[in-house]
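Commentary on secondary and tertiary structure
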Amino acid sequence: MEILKTPIEGLLVIKPKVYGDSRGYFLESFRLSEFREHGIDFNFVQDNISKSKKGTIRGLHYQIREMAQGKLCQVIYGKVLDVAVDIRFNSPTFGKYYSAILSEDDHSQLWIPPGFAHGFSVLSDEAIFYYKCTQYYSKEHERAIRFDDPQLSISWQIDNPIVSEKDLSAKLLKDIDRDFFYNK
């Protein structure tokens, strides 16, 4: 397993070793000891799977206070553009985003710690997106930022996005509460 730093502190790309032959492939997608060596020392408590069609954007979601979530994201089927936005006030990268293509072809994962808003766009005809969470879902603690916030200028790599009403009514980055602070 190869674990790579990104330009935004805390976000990591994980590239598992894939062993393939005529039958298919095998890969180890999670190994606690290796993750701990790279600072991912969280207890995962919930796994989520979503299936979406091409052009769908989900996000940018996050949870606050004691229900803040870290997410280990991967694609089981298809291809997505996975996006994490730094929402840690006082961070040198506050309001910046990092995006990565996650697909069934290379099996890469993105580790998104608490303090980031998360979303993805579906680039293939369909995608099955799988992620492990460090905290349970809590409607009361759920927050969102507009996917099309002009301050973020995220290139989602799709035209005519399909977005839920809930995500369309999300706040702009400039209007979110100061729920996360950068601690170095």
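Further up the page is the structure itself.
About the cut-offs
Residues numbered from 1 in each chain as written. Predicted model: local features only at pLDDT ≥ 70, side-chain atom pairs only at ≥ 80, totals over all residues. Heavy atoms only, no water. Helix = DSSP H or I, 4+ residues; strand = E, 2+ residues; numbered from the N terminus. Rg over C-alpha atoms; globule rule 2.2 N^0.38 Å. Buried < 20%, exposed > 50% of the residue type's maximum accessible area, 1.4 Å probe, protein only. Lys, Arg positive; Asp, Glu negative; His and termini not counted. Charge placed at Lys NZ, Arg CZ, Asp CG, Glu CD. Salt bridge = Lys/Arg side-chain N within 4 Å of Asp/Glu carboxyl O. Pairing = 2+ DSSP bridges. Contact = heavy atoms within 4.5 Å. Polar contact = N/O pair within 3.5 Å; in protein donor to acceptor, adjacent residues only side chain to side chain. Axes fitted to C-alpha atoms, helices over the stretch in contact; angles between N-to-C directions. Core = buried A, V, L, I, M, F, W, Y, C linked by side-chain atoms within 4.5 Å.

Let's shift gears to the overall build of the protein. Assigned secondary structure in the protein consists of 2 helices and 13 strands. Against the globule reference of 16 Å for 184 residues, the protein gives a C-alpha radius of gyration of 16 Å, in line with a compact fold. Across its three principal directions, the C-alpha atoms of the protein cover 50 × 40 × 30 Å. Among the 184 residues that make up the protein, the fraction classed as buried is 52%. Averaging the coordinates of the 24 positive side-chain charges in the protein and doing the same for the 26 negative ones gives two points 2 Å apart.

Our focus in this paragraph is the pattern of salt bridges. Think of it this way: side chains of opposite charge can pair up when their charged atoms draw near. Scanning the model with the defined rule gives 9 salt bridges in all. In this structure, Arg88 engages Asp86 in a salt bridge whose closest nitrogen and oxygen atoms are separated by 2.8 Å. Judged by its relative accessible area of 0%, Asp86 is buried. Where Lys174 meets Asp175, a salt bridge forms, and the shortest distance between an N and an O atom there is 3.5 Å. With relative accessibility at 62%, the residue Lys174 sits in the exposed group.

Of the strand pairs in this sheet, strand β1 (residues 2-5) and strand β2 (residues 12-15) are connected by 4 bridges, and their pairing is antiparallel. Bridge pairing in β2 places Glu2 opposite Lys15. A loop of 6 residues connects β1 with β2, the two strands running antiparallel in sequence, and Gly10 in this loop sits at a positive phi of about 105°.

Another point: the environment of His61. Along the chain, the position of His61 falls in strand β6 (residues 57-63). When the C-alpha atoms of His61 and Phe147 are compared, they prove to be 9.4 Å apart, with 86 residues separating the residues in sequence. Leave out the neighbours within four places in its chain, and His61 touches Lys71, Phe116, Ala117, His118, Arg143, Ala144 and Asp167. For His61, the side chain forms a polar contact with the main-chain nitrogen of Gly59, separated by 3.5 Å. At a separation of 2.7 Å, a polar atom in the side chain of His61 contacts the side chain of Asp167.

Moving on: the sheet that holds strand β11 (residues 116-122). The pairing of strands in a sheet comes from backbone hydrogen bonds and takes either a parallel or an antiparallel form. A sheet is described by the order of its strands in space; here 5 strands give the open sequence β9-β8-β11-β6-β13, paired in antiparallel fashion. Each of the sheet's edge strands pairs with one partner strand only, and the pair in question is β9 (97-103) and β13 (142-144). Direction aside, the axes of adjacent strands within the sheet are offset by 25° on average. By the bridge criterion, 7 bridges tie strand β8 (residues 79-86) to β11 in an arrangement that is antiparallel. Bridge pairing in β11 links Leu81 to Ser121.

Mapped onto the elements, Ser50 comes out in strand β5 (residues 46-53). Classification of Ser50 by relative accessible area gives buried; the value is 15%.

Further remarks concern the nonpolar core. Grouped together as the largest cluster of nonpolar side chains are 22 residues, with contacts concentrated most on Leu60, Tyr62, Val85, Ile87, Ile145 and Trp156. When contributions to this core are tallied by element, the ones reaching two or more residues are β6 and β8. Every residue in contact with Ile87, bar those within four places of it in the chain, is listed here: Tyr62, Phe94, Gly115, Phe116, Ala117, Ile145, Leu173, Ile176 and Phe180. The next biggest cluster of nonpolar side chains, apart from the first, holds 17 residues, and it includes Leu11, Ala84, Phe120 and Tyr131.

None of this, on its own, says anything about what the molecule does.
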